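Take a look at the letters that make up each chain.
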Amino acid sequence: MPTLDKQQLKVAKLLEYLPPTHSLPPKLARPIFTLLDRLTGIKKVAVGKIENIAINTYGDNQKIPLRIYYPSQHKTNNCSNAMMYFHGGGCVIGSIQSHDRLCRYLAQHSNTVIISVDYRLAPEHKFPCAIIDAISAWNWLQDNKTDLGLAGYNIGAGGDSAGAYFAVLLGLSSVQQTLPVHTNIKPDFQYLLYPMLDLRGLSESYKSAQSGMLLTNQLMDYFCRHYLVNSEQAELPLVSPLLIDDISELAKTYILTLEFDPLKDSGIAFANKLKEQSITVTHEHFDDCMHSFISTVKVSKRAKQGLVQITQQLKNLCST
């Protein structure tokens, strides 16, 4: 029977002495989420160059920040891959700052230019605002890739948890018709870390995730309440992409699922659906890690090993 890595379990247990995230207002939960990453997550690594810019999202004259990480080897022209990255946090918490160290690590150690997107969060901006931001950012990247030094690059989309959900939607033009903006060019690949693909909460892994993990079903319900206008929206393909029958237009994919994760079952089901529709898929499953294990790298040898593994998978994905 699978057993959760002891160091990761300790982090989850220690957090039980704090007020649970699902009991906090989002504005308070967000800095705590970032603080956890600073305390127990990835150490800050240097990259070749970082650019911070703001771009227009569709409508309302609103701007969203982007942060571009160029690896050191980019200057030597040995880098020809880029990925737009969407952070996790259930569409409610998370930011460019909370995922800064992960993006630095992925950029430097996979030799990939990473473009991190600070999409608007719920409940201030409910569904589908974040999707519109993700598509707007992706289209801006495609329109400006020459100026960014990315002409001729393989450019994919990726993210963790809710961020992986946005990455999937970028490649599904068939479900974007109800939105005011659509992707102009599809991603060359997908990089999906423990993706959030079904907000109905019906799976066994969702129902059983009650404690002892960083992400529980109570926290997922909290995210859903803030992200969606009403609970019925969970039945929409734009909210739960697992419901989409035909996903054959998606690009080659790396997908990671985790044993101790309410999102496990939906992630495995999506990986199987990709394979059934003849998409090139690498599906990796860690049977001793929990959702957001990356936030425990400083204290868990297994989490650090997992970080190395997923970074190598990004290199593999870009080179095939």
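Note that the structure is predicted; figures quoted are calculated from it, not measured.

### Some remarks on the sheet that holds strand β5 (residues 154–160)
- Within the open sheet, the eight strands sit side by side as β1-β2-β4-β3-β5-β6-β7-β8. Their pairing is mixed. In this open sheet, the two edge strands, each paired with only one partner strand, are β1 (49–56) and β8 (281–290). The average undirected angle you get between the axes of adjacent strands in this sheet is 20°.
- Pairing of strand β6 (residues 189–193) with strand β7 (residues 252–260) involves five bridges; the strand directions are parallel. Pairing of Phe 189 across the sheet is with Lys 252, part of β7.

### Remarks on helix α8 (residues 264–276)
- Helix length check: α8, at 13 residues, gives a terminal C-alpha distance of 18 Å against a target of 18 Å (1.5 Å per residue), a fit within 8%.
- Those residues of α8 that sit buried are Lys 264, Ser 266, Gly 267, Phe 270, Ala 271, Lys 273 and Leu 274.
- Of the surrounding elements, those touching the buried residues of α8 are α5 (162–170), β6, α6 (204–208), β7 and β8.
- Of the residues trailing α8, Ser 278 is marked for its positive phi of about 65°.

### Focus on the side chain of Asp 100
- By the element assignment, Asp 100 lies in helix α3 (residues 100–110).
- The contacts of Asp 100, once residues within four sequence positions are left out, are Arg 38, Arg 67 and Tyr 69.

### With respect to the packing of aromatic side chains
- Taken as a whole and judged by the stated rule, the model has nine aromatic pairs.
- Between Phe 127 and Tyr 227 the ring centres are 5.9 Å apart and the planes differ by 80°, which places this aromatic pair in the edge-to-face class. Of this pair, Phe 127 sits in the loop between β4 (113–117) and α4 (129–144) while Tyr 227 is found in helix α7 (residues 217–227), placing the two residues 100 residues apart along the sequence.
- With relative accessibility at 1%, the residue Tyr 227 sits in the buried group.
- One aromatic cluster is present, built from ring pairs that chain together Phe 86, Tyr 119, Phe 127, Tyr 165, Phe 166 and Tyr 227.
- Geometry around Tyr 70 places Lys 49 over its ring, the cationic atom sitting 4.6 Å from the centre.
- Cation over ring: Arg 302 sits above Phe 286, and NZ or CZ is 4.6 Å from the ring centre.

### Side note on the environment of Ala 209
- Looking at the secondary structure, you find Ala 209 in the loop between α6 and α7.
- On the basis of relative accessibility, which here comes to 0%, the residue Ala 209 falls in the buried class.
- Sequence separation of Ala 209 and Trp 138 is 71 residues, and the distance between their C-alpha atoms is 33 Å.
- Contact partners of Ala 209, with chain neighbours within four places excluded, come to Leu 215, Thr 216, Asn 217 and Pro 262.

### Details of the pairing of β6
- In terms of burial, β6 is largely enclosed, as five of its five residues are buried.
- Alternating residues of β6 divide into Phe 189, Tyr 191 and Leu 193 and Gln 190 and Leu 192, and every residue in both groups is buried.
- Strand direction decides the pairing type here: β5 and β6, joined by four bridges, are parallel. Considered in β6, the bridge of Gly 158 is made with Tyr 191.
- In this view, the connection linking β5 to its parallel neighbour β6 by way of α5 has right-handed handedness.

### So, the packing of α3 against helix α9 (residues 301–319)
- Put simply, α3 and α9 touch, their axes get as near as 9 Å, and they point 55° apart. Taken together, the axis directions place α3 and α9 in an arrangement best described as oblique. For the pair α3 and α9, the crossing hand works out as right-handed. Side by side, α3 and α9 meet where Leu 102, Tyr 105, Leu 106, His 109 and Ser 110 of the first sit next to Leu 307, Val 308, Thr 311, Leu 314 and Lys 315 of the second.
- Looking at the contact of α3 with α9 residue by residue, the classes come out as six nonpolar, three polar and one charged.

### Thoughts on the nonpolar core
- Ile 131, Leu 150, Phe 166, Tyr 227 and Phe 270 are the most contacted members of the largest nonpolar core, which totals 73 residues.
- Elements with a contribution of two residues or more to this core: β2 (63–70), β3 (81–86), β4, α4, β5, α5, α7 and α8.
- Once residues lying within four places of it in the same chain are set aside, the contact partners of Phe 166 are Phe 86, Cys 91, Tyr 119, Ala 130, Ile 131, Ala 134 and Tyr 227.
- Among the nonpolar cores identified, the runner-up in size contains 29 residues, and Ile 42, Leu 256, Leu 258 and Val 297 belong to it.

### Focus: the pattern of salt bridges
- Evaluated as defined, the whole model comprises ten salt bridges.
- In this structure, Glu 51 engages Lys 49 in a salt bridge whose closest nitrogen and oxygen atoms are separated by 3.3 Å.
- Taking the relative accessible area as the measure of exposure, Glu 51 reaches 26% and is therefore partly exposed.
- When its relative accessible area of 42% is taken as the criterion, Lys 49 is described as partly exposed.
- The partner of Asp 100 in a salt bridge is Arg 67, and the shortest N-O contact between them spans 3.1 Å. Here the residue Asp 100 occupies a position in helix α3, and Arg 67 occupies one in strand β2, the gap between them amounting to 33 residues.
- With a relative accessible area of 13%, Arg 67 lands in the buried category.
- Because the salt bridges share partners, they merge into one network encompassing Arg 67, Asp 100 and Arg 104.

Calculation criteria
- Residues numbered from 1 in each chain as written.
- Predicted model: local features only at pLDDT ≥ 70, side-chain atom pairs only at ≥ 80, totals over all residues.
- Heavy atoms only, no water.
- Pairing = 2+ DSSP bridges.
- Helix = DSSP H or I, 4+ residues; strand = E, 2+ residues; numbered from the N terminus.
- Axes fitted to C-alpha atoms, helices over the stretch in contact; angles between N-to-C directions.
- Expected span 1.5 Å × (residues − 1).
- Buried < 20%, exposed > 50% of the residue type's maximum accessible area, 1.4 Å probe, protein only.
- Contact = heavy atoms within 4.5 Å.
- Phe/Tyr/Trp six-rings, centres within 6.5 Å; stacked < 30°, edge-to-face > 60°.
- Lys NZ or Arg CZ within 6 Å of the ring centre and 35° of its normal.
- Right-handed = clockwise from strand over helix to strand, strands pointing away.
- Parallel < 35°, antiparallel > 145°, perpendicular 65-115°, else oblique.
- Left-handed = near helix turned anticlockwise from the far one by under 90°.
- Nonpolar A, V, L, I, M, F, W, Y, C, P; charged D, E, K, R; others polar.
- Core = buried A, V, L, I, M, F, W, Y, C linked by side-chain atoms within 4.5 Å.
- Salt bridge = Lys/Arg side-chain N within 4 Å of Asp/Glu carboxyl O.

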